[in-house]
Amino acid sequence: MASDKKKILVVDDEAMIRRILTTRLSMVGYNVVAAADGKEALEVFATEDPDLVVLDVMLPKLDGYGVCQEIRESSDIPIIMLTALGDVADRITGLKLGADDYLVKPFSPKELEVRIEAILRRIDRPSFSGAGVVCAGRLQIDFNKRQVTLNEERIRLTNLEFNLLKLLVTRAGEVISRSEILQQIWGYSPRQQADVRVVDVHISRLRVKLKEDPKNPEFIHTDRGTGYFFQKVTELPQVLGA
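Residues numbered from 1 in each chain as written. Predicted model: local features only at pLDDT ≥ 70, side-chain atom pairs only at ≥ 80, totals over all residues. Heavy atoms only, no water.

1. Some points on the environment of R205
Its place among the elements puts R205 in helix α9 (residues 197-209). Each C-alpha atom of the pair R205 and L97 lies 9.0 Å from the other, and the pair is 108 residues apart in sequence. Setting aside anything within four residues of it in sequence, one finds R205 in contact with L95, K96, L97, G98 and E161. (Helix = DSSP H or I, 4+ residues; strand = E, 2+ residues; numbered from the N terminus. Contact = heavy atoms within 4.5 Å.)

2. Things to note about the sheet that holds strand β10 (residues 176-177)
Reading across from one edge, β10-β12-β11 is the order of the three strands in this open sheet, with antiparallel pairing throughout. If you trace the sheet from one side to the other, it starts and ends with β10 and β11 (220-223), each paired once. With four bridges connecting them, β11 and strand β12 (residues 227-230) associate as antiparallel partners. Looking at β12, one finds that D223 is bridged to G227. On the sheet, α9 packs against β11 and β12 and is oriented at approximately 150 degrees with respect to β11. (Pairing = 2+ DSSP bridges. Axes fitted to C-alpha atoms, helices over the stretch in contact; angles between N-to-C directions.)

3. What to know about helix α8 (residues 178-186)
Taken together, the buried positions of α8 are occupied by R178, I181, L182, I185 and W186. Viewed along the axis of α8, the buried residues span an arc of 100 degrees, placing them on a single side of the element. Directly after α8, the chain includes G187, whose backbone phi takes a positive value near 85 degrees. (Buried < 20%, exposed > 50% of the residue type's maximum accessible area, 1.4 Å probe, protein only. Arc of directions from axis to C-beta.)

4. Description of the sheet that holds strand β3 (residues 52-56)
Spatially, β2-β1-β3-β4-β5 is the arrangement adopted by the five strands of the open sheet, whose pairing is parallel. Strands at the two margins of the open sheet, each flanked by one partner only, are β2 (31-35) and β5 (101-104). Going across the sheet, the axis of each strand differs from the next one's by a mean of 20 degrees, ignoring polarity. Strand direction decides the pairing type here: strand β1 (residues 7-11) and β3, joined by four bridges, are parallel. Bridge assignment links V11 to a residue of β3, and that residue is L55.

5. A short note on the pairing of β1
Among the five residues of β1, five are classified as buried, and the element is accordingly described as predominantly covered. Side chains K7, L9 and V11 project from β1 onto one buried face, and the interleaved I8 and V10 project onto a second face that is buried too. The pairing of β1 with β2 spans five bridges and is classified as parallel. In the strand pairing of β2, V11 is matched with A35. Note on the crossover from β1 through helix α1 (residues 15-27) to β2: the handedness is right-handed. (Right-handed = clockwise from strand over helix to strand, strands pointing away.)

6. Details of the pattern of salt bridges
The final tally for this structure, using the stated rule, is 20 salt bridges. A salt bridge links K105 to D56; the nearest nitrogen and oxygen atoms lie 3.2 Å apart. Note that K105 is positioned in the loop between β5 and α6 (109-124) and D56 in strand β3, a separation of 49 residues in sequence. The closest approach of N and O atoms between E174 and R171, which form a salt bridge, is 2.6 Å. Its relative accessible area of 34% is what places E174 among the partly exposed residues. (Salt bridge = Lys/Arg side-chain N within 4 Å of Asp/Glu carboxyl O.)

7. A few points about the UniProt feature "modified residue: 4-aspartylphosphate" (unreviewed entry) in the protein
When the UniProt feature table is mapped onto this chain numbering, "modified residue: 4-aspartylphosphate" (unreviewed entry) sits at D56. A relative accessible area of 3% places D56 in the buried class. Leaving out residues up to four positions away in the same chain, D56 has contacts with V11, D12, D13, G64, L82 and K105. (UniProt positions renumbered as here; feature names shortened; annotations may be inferred.)

Next up, the structure:
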């Protein structure tokens, strides 16, 4: 139950889907606003300041990919994309543009509720307590401020990307399976092989932001067939102000 009345923006050009999702999400305690096309979505986003966006891909005026790109220019708000496209490559296009997760149509409204709850719970979760700054070569991660710098230059990460990096860093040197990463960060277990592609795409985005050489990564390494691991941290966490 969403007791703190988080606001959800639902964007879909099908009136029935908007009505069903608005009703269901309102029933479990969310404040819901809706838009029927891409341009309206950006207008509502700007005026309503939602906590999360449920965004259909196939929209008139401006498709969901374009809306996602526009939002990511200024905000790290969570975005869950809805797609009727069957090809995996099409499904993950939104992830590459910065969406946090996706659901394939047709889907269960209950599954969407679970995804939304998991994402919002992750954002509201208290920051990594007791630790201050962790250094790994040129990379510095401030857990309390949720800030990352590379060569003293601030790197902008979404909430999801920071939590993903935090998971890897706090278990540095340990291989974490893609399934476990999905469970820890997205809050659900994979039901099919394509589900873990969400992890792969976000790892790829994180590597780009950390300016990693994909052929010779410095920080995030791949254990083929299993998952990912962060290089061993050379400087132990230090409590801020110490």
